[in-house]
Amino acid sequence: MSKFPEFHFQYSSISACYLHTPGLESSLVTIEDIQKLTREYGQAWGYPHACRVLALVERISEGISYDILAMRYAAYLHDWGAFPKFHTPGSDHAALSAEIARTQILPQTSMPAHTIDIIVEAIARHDYRDPRPPSGPESLLLREADFLDFLGAIGIARELAWGPNDIPRCLERLIARRDALRNRFTLPAAQAIASRRLTEMDHFLNLLSEESFGAV
Ligand SMILES: [Fe+2]
Ligand SMILES: [Fe+2]
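Residues numbered from 1 in each chain as written. Chains lettered and ligands numbered in written order. Predicted model: local features only at pLDDT ≥ 70, side-chain atom pairs only at ≥ 80, totals over all residues.

Participant: Is there a simple way to think about the nonpolar core in this case?
Facilitator: The tendency in soluble globular proteins is for nonpolar side chains to be buried side by side. Core analysis: the biggest nonpolar cluster contains 49 residues, and Ala74, Leu77, Ala101, Ile119 and Ile123 have the highest contact counts within it. Sorting the residues of this core by element identifies helix H1 (31–41), helix H2 (46–60), helix H3 (68–77), helix H4 (93–105), helix H5 (113–124), helix H6 (137–148) and helix H9 (188–212) as the ones contributing at least two each. Split by domain, the residues of this core number at least three in each of domain 1 (1–133) and domain 2 (150–216). (Core = buried A, V, L, I, M, F, W, Y, C linked by C-beta atoms within 7 Å. Buried ≥ 20, exposed ≤ 12 C-beta atoms within 10 Å, placed from the backbone. Helix = DSSP H or I, 4+ residues; strand = E, 2+ residues; numbered from the N terminus. Domains from an automatic or database assignment.)

Participant: Is there a simple way to explain the packing of helix H7 (residues 152–162) against helix H8 (residues 167–181) in this structure?
Facilitator: Two measures define how a pair of helices packs: the angle their axes make with one another and the distance between the axes. Two elements in contact, H7 and H8, have axes separated by 9 Å at closest approach and are oriented at 140°. By the angle between their axes, H7 is oblique relative to H8. Classified by chirality, the crossing of H8 by H7 is right-handed. Taking contact as the criterion, the partners of Ile156, Glu159 and Leu160 in H7 are, on H8, Cys170, Arg173 and Leu174. The residue makeup of the contact of H7 with H8, split by class, is four nonpolar, no polar and two charged. (Axes fitted to C-alpha atoms, helices over the stretch in contact; angles between N-to-C directions. Parallel < 35°, antiparallel > 145°, perpendicular 65-115°, else oblique. Left-handed = near helix turned anticlockwise from the far one by under 90°. Contact = placed C-beta atoms within 7 Å. Nonpolar A, V, L, I, M, F, W, Y, C, P; charged D, E, K, R; others polar.)

Participant: Where do I start with the packing of H5 against H6 in this structure?
Facilitator: It is at 8 Å that the axes of H5 and H6 come closest, and there the two elements cross at 30°. Judged on the interaxial angle alone, H6 and H5 are roughly parallel. Classified by chirality, the crossing of H6 by H5 is right-handed. Only Glu138, Ser139 and Leu142 of H6 make contact with H5, whose side of the interface consists of Ile118, Glu121 and Ala122. Grouping the constituent residues of the contact of H5 with H6 by class yields three nonpolar, one polar and two charged.

Participant: Explain the environment of Ile60 here, please?
Facilitator: Within the secondary structure, Ile60 sits in helix H2. On the basis of neighbour counts, which here come to 22 C-beta atoms within 10 Å, the residue Ile60 falls in the buried class. Spatially, the C-alpha atom of Ile60 lies 7.7 Å from that of Ala145, the residues being 85 residues apart in sequence. Ignoring anything within four residues of it in the chain, the contact list for Ile60 reads Leu141, Glu144, Ala145, Leu187, Ala189, Ala190 and Ile193.

Participant: Would you take a moment to explain unusual backbone geometry for this structure?
Facilitator: Across residues other than glycine, the phi torsion is negative in most instances, and most of the peptide bonds are trans. Cis geometry marks the peptide bond from Gly163 to Pro164, where omega comes out at 0°. Within the secondary structure layout, Pro164 lies in the loop between H7 and H8. In this structure, Gln43 is a non-glycine residue whose phi angle is positive, near 50°. Relative to the assigned elements, Gln43 resides in the loop between H1 and H2. On the neighbour-count criterion, Gln43 (12 C-beta atoms within 10 Å) is exposed. Backbone geometry at Phe213 places phi at a positive 55°, although glycine is not the residue there. As for its position among the elements, Phe213 is in the segment after H9. With 7 C-beta atoms counted inside 10 Å, the residue Phe213 sits in the exposed group.

Participant: Which parts of the structure should I look at to understand the confidence of the model for the protein chain?
Facilitator: Close inspection of predicted coordinates is inappropriate in any region flagged by low pLDDT. On average, residues of the protein chain carry a pLDDT of 90, and 88% of them reach 70 or more. The model gives residues 4–18 a pLDDT under 50, and that stretch makes 15 contacts with residues more than four places away or in other chains. (pLDDT = per-residue confidence, 0-100.)

Here you go:
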């Protein structure tokens, strides 16, 4: 059975101002609240991406001991800095997500200080362009699960959905990201999934070349 039953959570509306509503500051923010807000703020992509990251964490974490609740908070919150509600042009979305989690969200939960530090550091270091090593098991799992979600059929779908309606530009971004991630996996299960997904991407690119007659 999944460690993350919230995958089957049925969304119900929650106020965009929930976290700042006078009178609610004293109420503890739960993981269910964070799920709802991730769905609300994350456009069409943020919540499904976080769910896939958690599903991947389960698949790549064999033999690794980690804090499951901290992992869930980190997965749902890790891209909030890229959501329109918070994003600012030129900002580092991982650093911004970590700052939002540290200052606005996690102090309102029942998490102890050392767990908050684990979550914030995992979020801060999740981006593949960050050269720092992972700060602990939750950080390592978040990074490698997040990397995997850029690969394979889902990785292709994400890049094309991101747009613009300009296939060469999307492919350029897809290939650059694929190449940047190719040798970045350290966990054996993540390496196996990455290898399969990289093969899928190569196959797709070959088909695209064949079927487009050079006119993409
Ligand atoms: Fe991210
Ligand atoms: Fe992400």
